Amino acid sequence: MPQFNSFAATIRPTFYDLIGDSIGGDAADKLIADFGGRRFYVPRAPAPGDPITRSIGLRAALAMARAFGGDRIVVPVTSSHLRRRARIVAMRADHVSISHIAQELRCTERYVYKVLALSRHREPAAFNAPPTSAPLAERLKRGHLNHRS
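Fair warning: this is a prediction, and the values are worked out from it, not measured in the lab. (Residues numbered from 1 in each chain as written. Predicted model: local features only at pLDDT ≥ 70, side-chain atom pairs only at ≥ 80, totals over all residues. Heavy atoms only, no water.)

**Q** Can you tell me about the overall build of the chain, naming the residues and giving the values?
**A** The helix and strand tally for the chain stands at eight helices and two strands. When the helices and strands of the chain are read in sequence order from the N terminus, they spell out α-α-β-α-α-β-α-α-α-α. Within the chain, the fraction of its 149 residues that count as buried is 35%. Of the contacts formed within the chain by residues at least 6 apart in sequence, a portion of 57% connects residues at least 24 apart. For the chain, the computed accessible surface area is about 10000 Å², with 52% contributed by carbon and sulfur atoms. (Helix = DSSP H or I, 4+ residues; strand = E, 2+ residues; numbered from the N terminus. Buried < 20%, exposed > 50% of the residue type's maximum accessible area, 1.4 Å probe, protein only. Contact = heavy atoms within 4.5 Å. Areas by Shrake-Rupley, 256 points an atom, 1.4 Å probe, with all protein chains shown as cover.)

Here you go:
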């Protein structure tokens, strides 16, 4: 029987994920390499000479136009940090320990705590969820641990 993940609904896709879903991961990486960190206009009907078409090709540019045509978007600077952050939140939702997350993703435990704190702060639905990353003393202060008599 499949297990229900109560934290899955609180994890929103990143902008990189939205771009990747519309044009594919390889084209999204190419777009980030060419235009990362800059504001970029996505034409409604890309032509062969447009910057987006020269970057990712006509087929991907047309797919991008279906999703974002006529809009100015800020292309993410890099996808690795966004993917890592989403992965940290997902792993912690699956009750993976902080030290194991840090070891597997090759980052510090402090960074894992920071990402989890920011994700709780930004997600209003996460306030109803039990805390997942606070140290033991902080959880005791908040009264989230069961006290034995």
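The structure having been displayed, the exposition proceeds.
**Q** Lay out the packing of helix α1 (residues 15–23) against helix α4 (residues 58–68) in plain terms, naming residues and giving numbers.
**A** Between α1 and α4, the least distance of the axes is 8 Å, while the angle of their chain directions is 125°. Considering their axes alone, α1 and α4 lie oblique with respect to each other. Here α1 runs over α4; the crossing is right-handed. Where α1 abuts α4, its residues F15, L18, I19, S22 and I23 lie against A60, A63, M64, A67 and F68. Split into classes, the residues belonging to the contact of α1 with α4 amount to nine nonpolar, one polar and no charged. (Axes fitted to C-alpha atoms, helices over the stretch in contact; angles between N-to-C directions. Parallel < 35°, antiparallel > 145°, perpendicular 65-115°, else oblique. Left-handed = near helix turned anticlockwise from the far one by under 90°. Nonpolar A, V, L, I, M, F, W, Y, C, P; charged D, E, K, R; others polar.)

**Q** I'd like a rundown of the confidence of the model for the chain, residues and numbers included.
**A** Atom-level detail of predicted coordinates should not be read off regions where pLDDT is low. Per-residue pLDDT for the chain averages 78, and the proportion of residues at 70 or more is 68%. The secondary-structure element of the chain with the lowest mean pLDDT is helix α8 (residues 136–142), recorded at 57, while α4 shows the highest, at 94. Between residues 124–134, whose pLDDT stays under 50, and residues either more than four places distant or in other chains, the model counts 20 contacts. (pLDDT = per-residue confidence, 0-100.)

**Q** I'd like to hear about the nonpolar core, residue by residue, with values.
**A** If you look at the biggest cluster of nonpolar residues, it comprises 19 residues, and the most contacted ones within it are I23, L31, I52 and M64. Looking at this core, the elements that each hand over two or more residues are α1, α2 (25–35), α3 (51–56) and α4. Those residues in contact with I52 that sit more than four places away from it in its chain are L31, F40, V42, P43, P46, G57, A61 and M64. (Core = buried A, V, L, I, M, F, W, Y, C linked by side-chain atoms within 4.5 Å.)

**Q** Now, about the side chain of S55: what can you tell me, with residues and values included?
**A** Assignment of secondary structure puts S55 in helix α3. With a relative accessible area of 10%, S55 lands in the buried category. In terms of polar contacts, S55 uses its side chain to reach the side chain of D34, at 2.5 Å. The contact partners of S55, leaving out residues within four places of it in the chain, are K30, L31, D34 and F35. (Polar contact = N/O pair within 3.5 Å; in protein donor to acceptor, adjacent residues only side chain to side chain.)

**Q** Before we move on, can you summarise the packing of aromatic side chains with the specific residues and values?
**A** Within this structure, the stated rule accounts for one aromatic pair. Each ring, one from F35 and one from F40, has its centre 4.4 Å from the other, and the planes form 40°; the classification is tilted. There is no split in this pair, since F35 and F40 are both buried. (Phe/Tyr/Trp six-rings, centres within 6.5 Å; stacked < 30°, edge-to-face > 60°.)

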